[in-house]
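Summary of the model geometry
So you can see what is in the structure, the chains are spelled out below.
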There are 2 protein chains.
Amino acid sequence: MSITRLALDAMGGDNAPGIVIKGADVAKAKNPDLEFVFIGDSERIKPYLSRSIHLKNASVIHAEDKVESDENVSQAVRKGKQTSMWKAVAEVKAGHCDAVVSAGNTGALMAISKLQFRPMEGVTRPAIATFLPTEKRQVCMLDLGANIECDAENLVQFAIMGAAFTRSVLDVKDPSIGLLNVGEEDQKGHEYLREAADILNDADSGMNYQGFVEGTDITKGEVDVVVTDGFTGNVALKTAEGTAMLITNLLKTAFKESFLTKLAYLLARAAMRRMRSRLDPRVHNGAVFLGLNGIAVKSHGGTDEIGYANAIKVAADLVEHGFMPDVQKALQKFGSISDRQADKAGD
Amino acid sequence: MSITRLALDAMGGDNAPGIVIKGADVAKAKNPDLEFVFIGDSERIKPYLSRSIHLKNASVIHAEDKVESDENVSQAVRKGKQTSMWKAVAEVKAGHCDAVVSAGNTGALMAISKLQFRPMEGVTRPAIATFLPTEKRQVCMLDLGANIECDAENLVQFAIMGAAFTRSVLDVKDPSIGLLNVGEEDQKGHEYLREAADILNDADSGMNYQGFVEGTDITKGEVDVVVTDGFTGNVALKTAEGTAMLITNLLKTAFKESFLTKLAYLLARAAMRRMRSRLDPRVHNGAVFLGLNGIAVKSHGGTDEIGYANAIKVAADLVEHGFMPDVQKALQKFGSISDRQADKAGD
């Protein structure tokens, strides 16, 4: 295996830079072929590196400034090239690193990645995607918040990108696609959902489109790719996380109820841990920006070192899978929708 | 306690009329002060009644026709007054029953209830609301699917109605309100969310508005009322249900893993059952139509008799609480938003 070099925005996230360096340390312990460049306030980064086990000689690039988590996108971009986020993305753009990871402001990371990496040919809106656990294999869900308002063409592009991404990374042959809606009947939901369904339903689309799916279908694993706008996707993802958290807490309380339940926990501990790790949001930490000419992975802002190490693993896996040419090819094959519609109209 | 008389749409839902009558039987066993009128195909209803324990002498009103679950709203309304759903709502409208329960087509039930009950004065869009379990007390969430597209005024009305409903039914003094969004920062999300936030934030609004909340906050119980559009609310609710189902199934599998985990289950069984019942979607079955001059409760279409009995309980509780005057009063107090804005402009 060759070396994978990642640019880490050391100042992004609630507990930066500590969590970033600790997370990298955890990741490096598992995968010695990883190399990191930490970008941020070198005075704050270095003490953590000296206390780390595996990162004593890691590279640091100093950045004067950083993007705040509550800054809006235009403010963040206006701050320009002195922020740790900008410099981290620039390391990838310049070819010094293979991918960038940041736990910072999502909107700013998308904007800065878009400005430097540029969208792939034909992509109007890059999207944020992640894999989630289901009853069957993992499901790819997008968009998770990059695009609050979407039209039919955006959703169709998300479907194409999500399918190519799932094919490449999860090795699923012909990923099935569902559009998230409030019912499975054709007449339900927003107008742009019906338009997107029409395009995906077209026999010529080459897509394995399965129709509308509902919220309950996401975790059933009924389809491989769930496509939605960034507002709905973000709310759905966070609602799922919240529900999982609620149940985990209720479960903990239940096991603490009495001597017998405590004994039960001891007996079932290994099985419970396996179950928990399958659902652990930290294990699923690391969302990917699709549709850009570069790999950017967004970690949860509030994660711990285990979660951050997983976001690093996602980035390293993506580098290894080289999914970008697959996504670009799928987009080209499908062609721009306006071209297709023009062709149809001309028939 | 006085008698509560409920009109049940016996033909609504996946397993009608069997589930409806079995559910009513379960409900009547727990609460003998309930009386039912079953509306639907009397030839199909009567055999179930004769096999029931508590409903041998229940009333039946024959209906020739029924609303299909996949029918769109205009088709359902065009079928007119011969459907079981229409006739069930009419029983309440005529004052023969206190509330209607249906597990049929949600859109049709809303349209038919709206046509007969009429919206309360000042309500532009009635909404569907339900209570959900959280880490703390229950949260009221609305809209859950009646209004796919919403504007700021709709959301503000949902907030007013949801707060009055929660105050009345859960006996919460000054229910706190959150608007569901993709982040807590002021500049996030759709334009109409920011507009609604401005109105609710107004010191004169008299509302206990807490700001934007995210998907993770729903189950934390951070606020008493979560307000959103019907599309997002429906997806969030179903995603939460799907997540709960996934975890419950994983838990079952975990307990079946080995002799030790099976033993653990035996020891923890009572605690696990209590936990499950708190999350059981059947226990939370029964969504309420708010903003109408009549009580209509929607049961899940695919529920079983336990779930249906809970929807009946919701309807009976609502009759007992007499929440409608409270909602009407809150709406009047707030006044129409256009009036308020006109007043402000004239200041």
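Please refer to the structure placed before this passage.
Residues numbered from 1 in each chain as written. Chains lettered and ligands numbered in written order. Predicted model: local features only at pLDDT ≥ 70, side-chain atom pairs only at ≥ 80, totals over all residues.

Thoughts on the sheet that holds strand S2 (residues 34-40) of chain B
All names here are of chain B. Here is the rule we go by: DSSP bridges decide pairing: two strands pair if at least two such bridges lie between them. Strands are runs of DSSP state E lasting at least 2 residues, helices are runs of H or I lasting at least 4, and numbering of each runs from the N terminus. Every angle, taken between N-to-C directions, lies between 0 and 180 degrees, and every axis is a line fitted to C-alpha atoms, over only the stretch in contact when it is a helix. Residue pairs qualify as contacts under a 7 Å threshold applied to their C-beta atoms, which are placed from the backbone.
The strand order across the open sheet built from eleven strands is S3-S2-S1-S4-S11-S10-S5-S6-S9-S7-S8, with neighbouring strands paired in mixed fashion. A single partner strand is all that each edge strand has here, and the edge strands are strand S3 (59-62) and strand S8 (208-213). Pairwise comparison of adjacent strand axes, ignoring direction, gives a mean angle of 25° for this sheet. Contacting strand S1 (4-9) and S2, helix H1 (residues 18-30) crosses the sheet at an angle of about 175° to S2.

What about the pairing of strand S10 (residues 287-290) of chain A?
All names here are of chain A. Heads up, the condition is: To sort residues by exposure, count the other C-beta atoms lying within 10 Å of each residue's C-beta; 20 or more gives buried, 12 or fewer gives exposed, and values between give partly exposed, all with C-beta atoms placed from the backbone.
Residue alternation in S10 divides its side chains into two sets, Ala287 and Phe289 and Val288 and Leu290, and both sets are buried. Pairing analysis gives two bridges linking S10 to strand S11 (residues 296-298), with the strands arranged antiparallel. Counted as the bridge partner of Ala287 is Lys298 from S11. Between the end of S10 and the start of S11, which pair antiparallel, lie five residues, with Gly291 showing a positive phi angle near 100°.

Things to note about the interface of chain A and chain B
As a measure of interface size, the accessible area lost when the parts come together is often cited. Residue-level contacts link 53 residues of chain A with 53 residues of chain B. At the level of elements, helix H8 (215-220), helix H9 (230-255) and helix H10 (259-279) of chain A are the ones that each hand at least two residues to the side of chain A that touches chain B. Looking at the side of chain A that touches chain B element by element, the count peaks at 21 residues for H9 of chain A.

With respect to the environment of Cys97 of chain A
All names here are of chain A. Assignment of secondary structure puts Cys97 in the loop between helix H4 (84-93) and strand S4 (99-102). Expressed as a C-alpha distance, the spacing of Cys97 and Ala7, which sit 90 residues apart in the sequence, is 5.9 Å. With near-sequence residues (within four places) excluded, Cys97 lies in contact with Arg5, Leu6, Ala7, Val37, Glu91 and Val92.

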